[in-house]
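# Per-entry structural report
Residue strings, one per chain:
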Amino acid sequence: MEYNHLKYEQPDEAVGLLKISVPQSLNALNSAVLKEMSDFLEGIGNLKLKVLLITGDGEKSFVAGADIAEMQRMSEAEALDFARLGAAVFKRIEDLPLPVIAVVNGFALGGGCELAMACDLRVASERARFGQPEVGLGIIPGFSGTHRLTKIVGPAFAKELMFTGKSILAPEALRIGLVNAVFPPEQLMDEALALARRICSNSAMAVSAAKHCINENFNLTVEEALALENRCFASCFAHPDQKEGMTAFLEKRKPLFER
């Protein structure tokens, strides 16, 4: 399908690259962009990917935030619908069975930071900036930012960023655990692809099971989380990847896992 605000590439057979492309507003998220993202995610299973990368089109911005020009005119009811749309799209990203890597090439503010946090891993350019500046606009994060930022960096850092509305550079984001790695701008995409390919070399089934267990940890008691891990561990033994992986290890060769 053709999109007006998204670009899709497939650098490798099993790696997809989705670009948010709204150059006139530094890739800001409006209702149209979010609906296109929802449509893309609906059909992602047909692409047979092992890893999805998400980035912003251009050199300046990942996603500069939600579209303030659209939000300024919203009623309370319209704002609720907008928040629910964004939160639903980001939850779908979080719940995808494959890993999703945010490749943050510039501004990741407001909704952009929230999009990055919905991904499993975040790699950033040295010139990337992160922040939740919504309080300066008389609002709060609306796409699950209060939840995910707290979960990722802890309540103290989350409150500091959201109460002050300040933005932070990539090295500070790395220090507080908001990103996994920081690279020079010219190396960012190559490093992101190298990370994706490293993940692709493993069993997609096992990676998906590990993602499921990690994500569910936050919704379960310790006993429930451990029981889920036990079940997922055991279920791996019913999949051909387990036999192939262990046989390849014993035969001292690289495994040939299913797509």
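Structure's up top.
Everything in this summary refers to the structure shown in the same document. Bear in mind that the values here come from a model prediction, so they are computed numbers and not experimental data.

This part is about the overall build of the chain. A count of helical and extended segments in the chain gives eleven helices and ten strands. For the chain, the C-alpha radius of gyration of 19 Å lies close to 18 Å, the compact-globule estimate for 259 residues. Summarising its shape, the C-alpha atoms of the chain cover approximately 60 × 40 × 35 Å along the three principal directions. Looking at the chain as a whole, 44% of its 259 residues are labelled buried. In the chain, of all internal contacts separated by at least 6 residues, the share reaching a separation of at least 24 is 69%. Split by element, the accessible area of the chain, about 13,500 Å² in all, is 57% carbon and sulfur. Computed over 27 positive and 33 negative side-chain charges, the separation of the two mean positions in the chain equals 3 Å.

Another point: the packing of helix 1 (residues 31-42) against helix 3 (residues 76-95). Direction vectors running N to C along helix 1 and helix 3 enclose 30°, while the axes themselves pass 10 Å from each other. Relative to helix 3, the element helix 1 lies roughly parallel. Taken as a pair, helix 1 and helix 3 cross one another with a handedness that is left-handed. Together, Ser-31, Leu-34, Lys-35, Met-37, Ser-38, Leu-41 and Glu-42 of helix 1 and Phe-82, Leu-85, Gly-86, Val-89, Phe-90, Arg-92 and Ile-93 of helix 3 make up the contact between the two elements. Within the contact of helix 1 with helix 3, the residues separate by chemical class into eight nonpolar, three polar and three charged.

Pairing is mixed in the open sheet, where six strands are placed in the order 1-2-3-5-7-10. In this open sheet, the two edge strands, each paired with only one partner strand, are strand 1 (6-12) and strand 10 (181-183). Neighbour-to-neighbour, the strand axes of this sheet turn through a mean angle of 20°, independent of strand direction. As defined by bridge partners, strand 3 (residues 51-56) adjoins strand 5 (residues 100-104) across four bridges and the pair is classed as parallel. Following the sheet pairing, Leu-53 is matched in strand 5 by Ile-101.

Turning next to the environment of Leu-109. Position of Leu-109 among the secondary structure elements: in strand 6 (residues 107-109). Separated by 128 residues in the primary sequence, Leu-109 and Phe-237 place their C-alpha atoms 43 Å from one another. Contacts of Leu-109, omitting those with residues within four sequence positions, involve Val-63, Ala-64, Gly-65, Arg-129, Phe-130, Gly-131, Pro-133 and Ser-167.

Time to look at the nonpolar core. Ranked by internal contacts, the top residues of the largest apolar core, which has 49 residues, are Met-37, Leu-52, Ile-93 and Phe-130. If sequence neighbours within four positions are ignored, Met-37 has contacts with Leu-6, Ile-20, Leu-29, Val-89, Ile-93 and Leu-115. In this structure, Val-51, Val-103, Leu-188 and Leu-193 belong to the second largest nonpolar core, which totals 16 residues.

A few words now on the environment of Glu-244. Residue placement: Glu-244 occurs in helix 11 (residues 240-250). On the basis of relative accessible area, Glu-244 is assigned to the buried category, the value being 17%. For the pair Glu-244 and Arg-197, spaced 47 residues apart in sequence, the C-alpha separation works out to 19 Å.

The topology assignment puts Val-100 in strand 5. Considered as a pair, Val-100 and Ala-116 are 16 residues apart in the sequence and their alpha carbons are 9.5 Å apart. In this structure Val-100 touches Leu-52, Ile-54, Ile-93, Cys-119, Asp-120, Leu-121 and Lys-211, once residues within four positions along its chain are discounted.

The rules behind these values
Residues numbered from 1 in each chain as written. Predicted model: local features only at pLDDT ≥ 70, side-chain atom pairs only at ≥ 80, totals over all residues. Heavy atoms only, no water. Helix = DSSP H or I, 4+ residues; strand = E, 2+ residues; numbered from the N terminus. Rg over C-alpha atoms; globule rule 2.2 N^0.38 Å. Buried < 20%, exposed > 50% of the residue type's maximum accessible area, 1.4 Å probe, protein only. Contact = heavy atoms within 4.5 Å. Areas by Shrake-Rupley, 256 points an atom, 1.4 Å probe, with all protein chains shown as cover. Lys, Arg positive; Asp, Glu negative; His and termini not counted. Charge placed at Lys NZ, Arg CZ, Asp CG, Glu CD. Axes fitted to C-alpha atoms, helices over the stretch in contact; angles between N-to-C directions. Parallel < 35°, antiparallel > 145°, perpendicular 65-115°, else oblique. Left-handed = near helix turned anticlockwise from the far one by under 90°. Nonpolar A, V, L, I, M, F, W, Y, C, P; charged D, E, K, R; others polar. Pairing = 2+ DSSP bridges. Core = buried A, V, L, I, M, F, W, Y, C linked by side-chain atoms within 4.5 Å.

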